[in-house]
Amino acid sequence: MMETEQRTGLNRAASRAPAVGTAADESPAGSYNRSLIEASLDPLVTISADGMISDVNEATVRVTGVPRGELIGTNFSHYFTDPGRARAGYEAVFRDGSVTDYELEIRHRDGRVIPVLYNASVYRDEAGGVAGVFAAARDMTEQKRAEAALRRAYRDLDDRVKERTADLVEANRHLEQEIAEHRATMDQLQRKSRELARSNEELQQFAYIASHDLQEPLRAISGFTELLERRYRGRLDERADRYIDFIVDGTNQMQQIIQDLLAYSRVQTKAHEFDLIDTNRALEQALRNLQVTIRDRGANVTVEGHLPEIFADGIQITQVFQNLIANALKFQRPGATPEIRVSAVREGSDWVFSVADNGIGIEARHIGRIFMLFQRLHAKGEYEGTGIGLAICKRIVERHGGSIAVRSTPGAGSTFSFTIPTRNGATQ
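These notes cover the structure that comes with them.

The rules behind each value
- Each chain carries its own residue numbering, running from 1 in the direction its sequence is written.
- Side-chain atom pairs in this predicted model are given and counted only at pLDDT of 80 or more, local residue features only at pLDDT of at least 70, and totals for whole chains, interfaces and linings cover all residues.
- The basis for the side-chain values is all heavy atoms of the structure; hydrogens and waters are excluded.
- The helix and strand labels rest on DSSP assignments: H or I over at least four residues marks a helix, E over at least two residues marks a strand, and numbering proceeds from the N terminus.
- Each polar contact in these results corresponds to two N or O atoms within 3.5 Å; when the atoms are within protein, one needs to be able to donate a hydrogen and the other to accept it, and residues that are neighboring in sequence are counted only if both atoms are side-chain atoms.
- Contact criterion: two residues are considered in contact whenever any of their non-hydrogen atoms come within 4.5 Å of each other.
- Here, a salt bridge means any Lys or Arg side-chain nitrogen found within 4 Å of an Asp or Glu carboxyl oxygen.
- Each residue is placed in one exposure class: buried if its accessible area under a 1.4 Å probe, protein chains only, is under 20% of its type's maximum, exposed if it is over 50%, and partly exposed if it falls in between.
- As used here, the term nonpolar core means buried Ala, Val, Leu, Ile, Met, Phe, Trp, Tyr and Cys residues forming a set that is joined through side-chain atoms within 4.5 Å.

Attention shifts here to the side chain of N280. Mapped onto the secondary structure, N280 falls in helix α10 (residues 279-289). Among the polar contacts listed, one links the side chain of N280 to the backbone oxygen of L307, at a separation of 2.7 Å. Excluding residues within four positions of it along the chain, N280 makes contact with H306 and L307.

Taken as a whole and assessed by the stated rule, the structure comprises 10 salt bridges. The shortest N-O distance in the salt bridge between E142 and R145 comes to 3.1 Å. Within this pair, E142 and its partner R145 are both found in helix α6 (residues 141-181), separated by three residues, close to a single helical turn. For E142, a relative accessible area of 31% puts it in the partly exposed group. Ionic pairing is found between R173 and E170, a salt bridge with its closest N-O pair at 2.7 Å. Highlighted residues: R173 and E170, both in helix α6, separated by three residues, approximately one helical turn. Here R173 falls in the partly exposed class, since its relative accessible area comes to 39%. Exposure remark for E170: the relative accessible area of 34% places this residue in the partly exposed category.

Most often, soluble globular proteins have nonpolar side chains that are buried together. In terms of nonpolar packing, the biggest core is built from 37 residues, with F321, L324, I325, F353, F416 and F418 touching the most fellow members. Where this core is concerned, the elements lending two or more residues are α10, β8 (309-312), α12 (314-330), β9 (339-347), β10 (350-356), α13 (389-399), β11 (404-409) and β12 (413-421). Counting residues per element, this core draws most heavily on α12, which supplies seven residues. For F353, the residues in contact, after removing those within four places along its chain, are T279, P308, I310, F321, S343, A344, F416, S417, F418 and I420. In terms of nonpolar packing, the next biggest core, distinct from the first, is built from 30 residues, Y79, I106, V116 and V133 among them.

Shown next, in the form of structure tokens:
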């Protein structure tokens, strides 16, 4: 009985309330209301208390494929794939005053289905009675596609990790079984120990390959995440923005895990104890390793002053020099003779080594990327290499307690500088 009276009261309120910017309403207020409705880029509908559409904006016409004149005066629920759910949401507005993020699907006249999130609230007449409902829809098609793509990418990534982990576990199981079966004699034990050492080396290589391969599905995740953040941040509600942040954080964490795995494998296979080394000899070895390239490029490599002795891993310091000089040789301006200068100066408790060139240089916006693993500034095939040389330099320098940086002017060259602490009274 009370529900019937309430609905009757709503109907009477609707009959007394002026239309909200309908075609027949040409008053200043009506024109103002029409302008407000059309200002929304999302579908916006006003619905009377009896569930009939009283006005729509052009965005509603596009999403339904039905002209405005045909929409007005029809039951709003007829344009959804689930009219019953649409009516339930409408009744919830009257009961609670509003609904937020109510999921529905609009059926376009041509058969397409558009997923939307509805937000709706009641509006009142001059006497304060409920006259009808304002309802706004947000098209979720692109977000749904991106979410589906993210789910697929995560599933693919998880499947690949499980497959490779299973292979690793199986390989280790077989190896342990073989070692146990041949413990009877020392010769057999030594042979199997050598096989274990070789297997560990192969596992280190596997870690490198796995880390590289896993970058591809992770790039897909990152791309769709960036698309969501760029296109929808601030346009959806606060909850959606939080979801985007969760995705971004998860992707970044996975990237860090993969990079850490690769860095760990390289440190294990290449590390040596620190000792007092002559960096002049480390540089000479690097130049010998690069002598063919230096000759072919007609490059001039000069050393300014005498380089110091430091406590370090000599092989890794040679690798840093070699990678930086090779980088300078690679990224040269067409037709220019490569000019490379190596120097070192004492700054407090650090030695600062510099490798300067006259190459193509680096744009400022790329400076933060060049020391990251597998980050390339140029298209594949334009320059050789995988994009890990500078990342290796950074890892080695940090292992020695130092840091690496670059100053560059596009078209005029770059200067890479890295610091190595003097440590324990290293001589000059």
